[in-house]
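# A look at the structure
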Amino acid sequence: LSASTIARQNLMVVENIPSVRAEIGAARSRGARIGLVPTMGALHEGHLSLMRAARRECDFVAVSIFVNPTQFGPNEDYLKYPRDLARDLAACDTAGVDLVFHPAVPTIYHDDFNTFVTVEGLSNVLEGACRPGHFRGVATVVLKLFNIVTPDVAFFGQKDYQQQTIIRRLCHDLNVPVDIRVCPTIREADGLALSSRNVYLNPEERRVALSLSRSLHLAQELVQAGQTDVPRIRQRMHELLTASPLVQVDYATLIHPESLDELVSVSGRCVAIVAARVGQTRLIDNLVIDP
Ligand code: PAF
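Summary of the structure given here. Because the structure is a prediction, the values reported are computed rather than measured.

## Quick notes on unusual backbone geometry
Within the chain, Ala42 stands out as a residue other than glycine whose phi angle is a positive 50°. Examined against the element boundaries, Ala42 turns out to sit in the loop between strand E2 (34-39) and helix H3 (45-57). The phi dihedral of Asn175 falls on the positive side, at around 55°, and the residue is not glycine. Of note, Asn175 is situated in the loop between helix H8 (161-173) and strand E6 (179-183). Judged by its relative accessible area of 65%, Asn175 falls in the exposed class.

Set out below in structure tokens:
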């Protein structure tokens, strides 16, 4: 056996749905609580923190690795999205994952696939406004993964704030019996939120990308100093972000934590949220603020 085979001897890698169902069925018949961490691969410390949370709470941890074509727009990075299965499997193995589900695209989207899930309202603002159809693709694939893996609990990162809000609403509205756990955003030491897309940044862009988390902290400081006027806070965030010509802001504002509505004035807990292009790379970040 090669070193990598030995290292992965406890990790099952499954590409087809009947085998996933068989393994999950066997685990459940042993009384196991099943956890799922849905991912698109290109795993980083943020994903690993989700796997560790799943490991703590569940007896059987499944990770899906599937770059989901339906959540990418026609001019987005589906084809160049980073893919490194060998590295991802090693990371899953180290994190103590039991099963990786790595389907091919036709396994998830058969030829005549024609059913999509849309969480109305929440899907049209912020990311949804900038990336039409994105959350239809996310909600559809997440519901499919839930139906295939049938987890008791599923783990998502707070970094995708709107995504986790939409998935919680999807489960609530459609009576999907999966508990959703949302885990904190993991950051580099200097504050940059971990993202699989950070690998696209050149050194200059990497430096400038820090302005996203800085704009969130600026919003927090302003709110905690008593500023309640959101247009004023938004202006300060935009000024900070656009100090570099490399940054193009899609949105940088304060929203209600559940409705995702943009606020006019701060009166309670809120979320500072930002999306911006740094060079060619589109990044998002957010910070929950208690006044
Ligand atoms: O957050 C992601 O990586 C994806 O949107 C998800 C939830 C795996 C669905 O493809």
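## What about the nonpolar core?
Within the largest apolar cluster, 46 residues are counted, with the highest numbers of intra-cluster contacts made by Phe146, Val149, Ile167 and Ile180. Take this core: its biggest share by element is 10 residues, from helix H7 (residues 134-149). The contact partners of Phe146, leaving out residues within four places of it in the chain, are Leu36, Pro151, Ala154, Phe156, Ile167, Cys171, Val176, Val178 and Ile180. In this structure, Ala209, Leu216, Leu241 and Val247 belong to the second largest nonpolar core, which totals 28 residues.

## Considerations on the environment of His256
Inspection of the secondary structure assignment puts His256 in the loop between strand E7 (247-255) and strand E8 (270-278). Sequence separation between His256 and Leu50 is 206 residues, and the spatial gap between their C-alpha atoms is 25 Å. Not counting residues up to four positions away in its chain, the partners in contact with His256 are Asp261 and Leu263.

## Description of H3
The terminal C-alpha atoms of H3 lie 18 Å apart, and with 13 residues this matches the ideal 18 Å at 1.5 Å per residue to within 8%. Listed in full, the buried residues belonging to H3 are Gly46, His47, Leu48, Ser49, Leu50, Met51, Ala53 and Ala54. Against the buried residues of H3 lie E2, strand E3 (60-65), helix H4 (85-94), strand E5 (153-157) and E6.

## Considerations on the side chain of Ser196
Looking at where Ser196 falls in the secondary structure, it is placed in the loop between E6 and helix H9 (203-208). Only 3.5 Å separates the side chain of Ser196 from the side chain of Tyr81, close enough to count as a polar contact. When neighbours within four sequence positions are excluded, Ser196 is seen to be in contact with Gly41, Ala42, His44, His47, Tyr81 and Pro82.

About the thresholds
- Each chain carries its own residue numbering, running from 1 in the written order of its sequence.
- Owing to the predicted nature of the model, reporting of local features is limited to residues with pLDDT of at least 70; listing and counting of side-chain atom pairs is limited to 80 or more, with chain, interface and lining totals taken over all residues.
- Working from all heavy atoms in the structure, the side-chain values ignore hydrogens and water.
- A helix here means a DSSP run of H or I that spans at least four residues, while a strand means a run of E at least two residues long, and both kinds are numbered starting from the N terminus.
- When accessible area is computed with a 1.4 Å probe and restricted to protein chains, residues below 20% of their type maximum are described as buried, those above 50% as exposed, and intermediate ones as partly exposed.
- Throughout this description, the term nonpolar core refers to a set of buried Ala, Val, Leu, Ile, Met, Phe, Trp, Tyr and Cys residues connected via side-chain atoms within 4.5 Å.
- Any two residues whose heavy atoms approach within 4.5 Å are treated as being in contact.
- A helix is expected to reach a length of 1.5 Å times the quantity of its residues less one.
- In protein, a polar contact means a hydrogen-donor-capable atom and an acceptor-capable atom, both N or O and within 3.5 Å, with residues adjacent in sequence counting only if both atoms are side-chain atoms; elsewhere, any N or O pair within 3.5 Å suffices.

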